[in-house]
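Fold and contact review
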Protein chains: 2
Amino acid sequence: MVERDFLADFAALSRVGATPKGGVHREAGTPADGAARRWLCSWFERHGLHTSVDAVGNMYGAAEWLPGAPFVLVGSHLDSQPTAGRFDGAYGVLAAVHAVAAARDAVAAGSVTPRHNLAVVNWFNEEGSRFSPSLMGSGVYTGKLDLAATLTVTDRAGVTVAEALADIGFAGTDPMPPAVGYAEIHIEQGRILQDSGTAIGIVTANWAASKYAVTVHGAQAHTGATHLADRRDALVGASRLVLAVRELAEAFEPGQLLGSVGQFTVSPNSPVVVPGTVTLSIDLRSADAEVLAKAHEQFLAVVDAVNGAGEVEVDIDSMTLRPSSAFQAEGVALAEAAADRAGLSCRRMLTMAGHDSVNLKDVVPTVMLFVPSNAGISHNEAEHTDDADLLNGVTMLTEVVTALLAGGPTR
Amino acid sequence: MVERDFLADFAALSRVGATPKGGVHREAGTPADGAARRWLCSWFERHGLHTSVDAVGNMYGAAEWLPGAPFVLVGSHLDSQPTAGRFDGAYGVLAAVHAVAAARDAVAAGSVTPRHNLAVVNWFNEEGSRFSPSLMGSGVYTGKLDLAATLTVTDRAGVTVAEALADIGFAGTDPMPPAVGYAEIHIEQGRILQDSGTAIGIVTANWAASKYAVTVHGAQAHTGATHLADRRDALVGASRLVLAVRELAEAFEPGQLLGSVGQFTVSPNSPVVVPGTVTLSIDLRSADAEVLAKAHEQFLAVVDAVNGAGEVEVDIDSMTLRPSSAFQAEGVALAEAAADRAGLSCRRMLTMAGHDSVNLKDVVPTVMLFVPSNAGISHNEAEHTDDADLLNGVTMLTEVVTALLAGGPTR
């Protein structure tokens, strides 16, 4: 019965911003994100959770027993990448919703005595595709990002975060509920759980990531009238960077380093104009801080080499490092005990991708859980997790939330 | 006095859609293009030329002496590339305006007996940056493009040519005036005239061009969670094509072949998503048909090699060849005689870039003239031609138009 409710809710939520190929397209602050948020508000109302929205658009659905006491927060994000899968983020929010409702019912039935209050959270703009950086809502919540500056960030059309939130009716004024602990469940976005036949992954640390915003400057010219010797082609320079990043990553042992260019914007982008500028976002990731540091040095050498060739000028506009760091060991132990009680197989693992839990763990004890992803496919409409794995995750998260509520490792 | 009028008109026209760096931004069918067109209508009205607009937005300003007789057309285009120079196209239209007015005055004064009627023409969408293909208005005029199909071409926002023309008030219903001959003057967009100290270039033939629309198909994935071995990165594949086109062009003798990628659009273009598709427009150009044929074969081999590597699939969505062909020899001779009368140095040369005259020459005798371009800079706000060179061009075009009107080589 409870299982059927979860799957019906997930099917309903997946219809919001659905794409023809079975995915969703719900970038942060767009009408589709607004519709998913209203769906969540409605769920909160129907199930007696109190809705609040803070100034950066984070949404909370609270069950409160202890006036003035802090909260165990449980959640993820409803926003998506463009033409994305329907599980990334949304599964974690919906699992949180069901886990919180179940814990609330257990309190009502007298089987759990709450030591804290409890709330679902839907973080604003985890994905960062429309507004940069990613992990925006949890970044403001944890004090890593400045609220006022964040509200003025613009998308490529010049719309600010503040305007986008107002447009969808989620420019909130409620306070951020104080946290004592955080739990999140997410699809793995890798193959480890599927390949090893394991139900639950318990995250012990995150991969480190270095992200670079780069501009390649050339000179706009006529493709049909400008001789090669006279060209300063920004696209040629930027293409050299793309291939150099790939080669740099391939030179490490398999699995040691990821190197990617995701955003790549050519200007003026006309068929008969030699491109004058290209902006790129480059990311390098590793579980090993030394490997990442070595890759960073090699990347700087690549930039020097492209600059040295003389055709274009490469500027590194910004560089951010998200270091690798551990999730609290007590949380890992609490999760292992919960899996044991629930009769679910589990293993410790790292998260390669960033999650809001990576921000939260730096301020409160945090438990991060994974369920299997088919073939590790992610940020793709073909992303898939079987129903049985989704339901195992809800069971696991409910055990973890109940244990946190009853006084497990919290601040 | 006449010279001062021309320079004042050119300064006024250059203010329409002006950019901070001294260029213009007037893509076809945009409000800035509409404003430039209204400026031209007003000029026609003030100087007694009769305005008409055909169904693809080509504008004509006519002086008619012989009811029902065909026209010598003289013109170029007011649309521009994004952040372009202010000379490309606009100079040719304004030179035509002044040449036609001068010829009309000569007829009125009795010093020329017209054998035809005479009209300025502003061709729609020569540039092709917003709506593809380029040379659109002259393509429909000469029957190379179908009118109905052309009106349904969309820009990247989904706006059709028909809608864009209606939006700026230039969806015309007037008939296309029949032509007996065509003349056009343009900045060279190369260095030959400047380097040789020559006032006027007389074009004998156009370079051939092969243009390819290509899509690289990969698989959208998570930059932070997808191992290199699992990736099918469309941006990596597309970057290989960009560099292969450059290498292919550099392998020929200097000046034999141009190879370029101008438009390059990445999807979904998010910082943390491995790109799923890239669309590219590639062009190869040569004065020598054999060189271009050899380059075409080499390009197909490059596509096969990228496909053979197995990471991505490259589709050539379309390929068009604009062959090299000669402008009429009688027109070249007429222009040389005109330069001689005007006391201007001239030389025969090829055009590397495409122009509306390349379409027109296939249906009527056509004279194509160049004036010097500073350092050959073009499709760039820094594009420049000295006033003295601009005025020499107006003198030359006036001589040519008068000669055509009096019965020079026409159909």
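Our subject in this report is the structure included herewith. Owing to the predicted nature of the structure, the values given are computational and were not obtained by experimental measurement.

As for the interface of chain A and chain B
With 61 residues of chain A in contact, the opposing surface of chain B contributes 61 residues. Here chain A and chain B share an interface that buries about 5,300 Å² over both sides, 52% of which is from carbon and sulfur atoms. Summed over the shared surface of chain A and chain B, the number is 4 salt bridges. Measuring nitrogen to oxygen at the nearest pair gives 2.9 Å for the salt bridge that ties Arg191 of chain A to Asp230 of chain B. Linking chain A with chain B are 33 residue pairs in polar contact (both at pLDDT 80 or more), by the criterion used here. Only strand 8 (221-222), helix 8 (234-250), strand 9 (258-267) and strand 11 (277-286) of chain A provide two or more residues apiece to the side of chain A that touches chain B. In the side of chain A that touches chain B, the residues fall into 24 nonpolar, 24 polar and 13 charged.

Quick word on helix 3 (residues 90-108) of chain A
Residue and element names in this part refer to chain A. For helix 3, with 19 residues, the first-to-last C-alpha span of 27 Å sits near the 27 Å given by 1.5 Å per residue. The element helix 3 is largely enclosed, with a buried count of 16 among its 19 residues. Just beyond helix 3, the residue with positive phi is Gly110, at close to 85°.

Overview of the pattern of salt bridges
Summed over the entire model, instances satisfying the criterion amount to 22 salt bridges over all chains. For Asp105 of chain B, the salt bridge identified is with Arg104 of chain B, shortest N-O distance 3.2 Å. Between Asp283 of chain B and Arg285 of chain B there is a salt bridge; the shortest N-O distance is 3.3 Å. Each member of the pair, Asp283 of chain B together with Arg285 of chain B, is buried. Salt bridges here are not isolated pairs; linked through shared partners, they connect Lys144, Lys361 and Asp362 of chain A.

Side note on the packing of aromatic side chains
Evaluated as defined, the whole model comprises 13 aromatic pairs over all chains. Sitting above the plane of the Phe170 of chain A ring, Arg37 of chain A keeps its charged end 5.1 Å from the centroid.

Observations regarding the pairing of strand 2 (residues 59-63) of chain B
Residues and elements named next belong to chain B. For strand 2, the buried fraction is high: 5 of the 5 residues fall into the buried class. Taken together, the 4 bridges between strand 1 (residues 50-53) and strand 2 define a ladder with antiparallel strand orientation. Considered in strand 2, the bridge of Thr51 is made with Gly61. Between strand 1 and strand 2, which pair antiparallel one after the other, the connecting turn spans 5 residues, and Gly57 there sits at a positive phi close to 85°.

Cut-offs used in this document
- Residues numbered from 1 in each chain as written.
- Chains lettered and ligands numbered in written order.
- Predicted model: local features only at pLDDT ≥ 70, side-chain atom pairs only at ≥ 80, totals over all residues.
- Heavy atoms only, no water.
- Contact = heavy atoms within 4.5 Å.
- Buried area = accessible area lost by both parts, 1.4 Å probe.
- Salt bridge = Lys/Arg side-chain N within 4 Å of Asp/Glu carboxyl O.
- Polar contact = N/O pair within 3.5 Å; in protein donor to acceptor, adjacent residues only side chain to side chain.
- Helix = DSSP H or I, 4+ residues; strand = E, 2+ residues; numbered from the N terminus.
- Nonpolar A, V, L, I, M, F, W, Y, C, P; charged D, E, K, R; others polar.
- Expected span 1.5 Å × (residues − 1).
- Buried < 20%, exposed > 50% of the residue type's maximum accessible area, 1.4 Å probe, protein only.
- Phe/Tyr/Trp six-rings, centres within 6.5 Å; stacked < 30°, edge-to-face > 60°.
- Lys NZ or Arg CZ within 6 Å of the ring centre and 35° of its normal.
- Pairing = 2+ DSSP bridges.

Geometry only, nothing functional implied.
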